[in-house]
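Structure assessment
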Amino acid sequence: MIVAFFFLAGMTLVSALCVVVSRNVVHSALFMSGSFLGIAGFFVMLNAPALAAFQVLIYVGAVTVLMLFGIMFTQNPQARRYRTIINRQFWAGLLVAAGVGAFLAYVLSAEDWAGVEAGNGPRQVADLGRDLLGVSPGAEVFTLLFEVVSVLLLVAIVGAIVISRRKSGGGIDRGAEE
Amino acid sequence: MPPQVQQFLDALTATPPLEGYLVVGAFMFAIGAWGALIRRNAVVIFMCVELMINAVNLTLVAFADYLPNAGGLGVSYAVLVIAIAAGEIAVGLAIVLAVFRSRRTVNVDEVTSMKG
């Protein structure tokens, strides 16, 4: 288990770092899917195999493809120099991010985690389903949250269509005329 | 089998502690925050936001598996977080497309006014 943990941790963190420093946007998207695959492996180790399946389907499948579509629609001639893809806050941003990461890691590992042990997760998919629908005791709030999220997804779909729709102009791209 | 080898094999198959998952989540969040701060391309900034969301999901699921009183509900919260992140990415990419259509750029430094 420790071997799998270190393998997945290395895969996740190195891929995440490559997303940030990769000069090619398409490479960033592919590294992002690698990072998400590492997270899916962590979910399997944490007794949530159904969530790992969701992760692979939604993130590695759908979100990465959506990102690639976004890249292909907005691709300008590729700028490959770091000065053009990274703004002037490189070192300041690194300082802030390293500070945040070190602080979070210190606080989370300085806490006394005695008495916790693995194996409390809903390993059975049926348990996860009962939790999500608010049937199991202590999870009643999920009845409401589940419905709210379904409405929110509908709103997001309608909003995405309305925002990205071309304005009525005989099918001519208005941006090209201006 | 000598006891050292047996010890080594035991260490290899031990369950990782909770702190391991939390520290990986913290560093992944920091990397995502760094990318969101320094990159200029709006699509890459979205990717970095997704990295941060995934780091928080990992922390939630780790707590749900390790804390005895959590009842495993962190996994359900993670499902909701994934749904909300999917909605966010759909609307966000639509906005990026609309901005690109009127400005011919996705560079966030050059998009300074809301009216196109």
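By convention here, each chain's residues receive numbers from 1 onward along its written sequence. The lettering of chains begins at A and the numbering of ligands begins at 1, in the order of writing. Owing to the predicted nature of the model, reporting of local features is limited to residues with pLDDT of at least 70; listing and counting of side-chain atom pairs is limited to 80 or more, with chain, interface and lining totals taken over all residues. Side-chain descriptors were evaluated using all non-hydrogen atoms of the structure, hydrogens and water having been removed beforehand.

1. Here we look at the interface of chain B and chain A
In many reports, interface size means the accessible area that the parts give up when they come together. By definition in these notes, contact holds between two residues if any of their heavy atoms fall within 4.5 Å. Between chain B and chain A, the contact holds 76 residues from the first and 86 residues from the second. Defined in terms of a 1.4 Å probe, buried area is the accessible area two parts forfeit on being brought together, summed over both. Between chain B and chain A lies a buried interface of about 7200 Å² when both sides are counted; carbon and sulfur atoms form 76% of it. It is Trp34, Asp65 and Arg101 of chain B in chain B that bury the most area against chain A; as a group they hold 10% of the surface buried on that side. Every case where a carboxyl oxygen of Asp or Glu lies within 4 Å of a side-chain nitrogen of Lys or Arg is listed as a salt bridge. Across the chain B-chain A interface, the total number found is 0 salt bridges. Two N or O atoms count as a polar contact when they lie within 3.5 Å, although within protein this holds only if one can serve as hydrogen donor and the other as acceptor, and sequence-adjacent residues are included solely when both atoms are side-chain atoms. In this assembly, chain B and chain A are joined by 8 residue pairs in polar contact (both at pLDDT 80 or more). Put simply, DSSP H or I for four residues or longer makes a helix, DSSP E for two residues or longer makes a strand, and each gets a number counted from the N terminus. Every element with two or more residues in the side of chain B that touches chain A is listed here: α1 (3-12), α2 (18-38), α3 (42-66) and α4 (73-103) of chain B. The dominant element in the side of chain B that touches chain A, judged by the number of residues it contributes, is α4 of chain B, at 24 residues. Under the grouping applied here, Gly and all other residues not named as nonpolar or charged are polar, the nonpolar ones being Ala, Val, Leu, Ile, Met, Phe, Trp, Tyr, Cys and Pro and the charged ones Asp, Glu, Lys and Arg. Here the side of chain B that touches chain A is composed, by residue class, of 54 nonpolar, 14 polar and 8 charged.

2. Some details on unusual backbone geometry
The backbone phi angle of asparagine 47 of chain A is positive, close to 65°, even though this residue is not glycine. Relative accessibility under 20% of the residue-type maximum defines a buried residue, over 50% an exposed one, and the middle range a partly exposed one, all with a 1.4 Å probe and only protein chains included. Judged by its relative accessible area of 10%, asparagine 47 of chain A falls in the buried class. In the Ramachandran plot, arginine 104 of chain B falls in the positive-phi region, its phi being about 65° despite a non-glycine side chain. Within the element layout of this structure, arginine 104 of chain B appears in the segment after α4.

3. Points about the nonpolar core
Definition of nonpolar core: a set of buried residues of the types Ala, Val, Leu, Ile, Met, Phe, Trp, Tyr and Cys, connected through side-chain atoms within 4.5 Å. Phe42, Leu51 and Met67 of chain A together with Tyr21, Met47 and Val61 of chain B are the most contacted members of the largest nonpolar core, which totals 71 residues. Among the elements that take part in this core, α3 of chain B stands out by supplying 14 residues, more than any other. Residues within four places of phenylalanine 42 of chain A in sequence aside, it is in contact with Phe5, Leu8, Ala9 and Thr12 of chain A together with Tyr21, Val24 and Leu58 of chain B.

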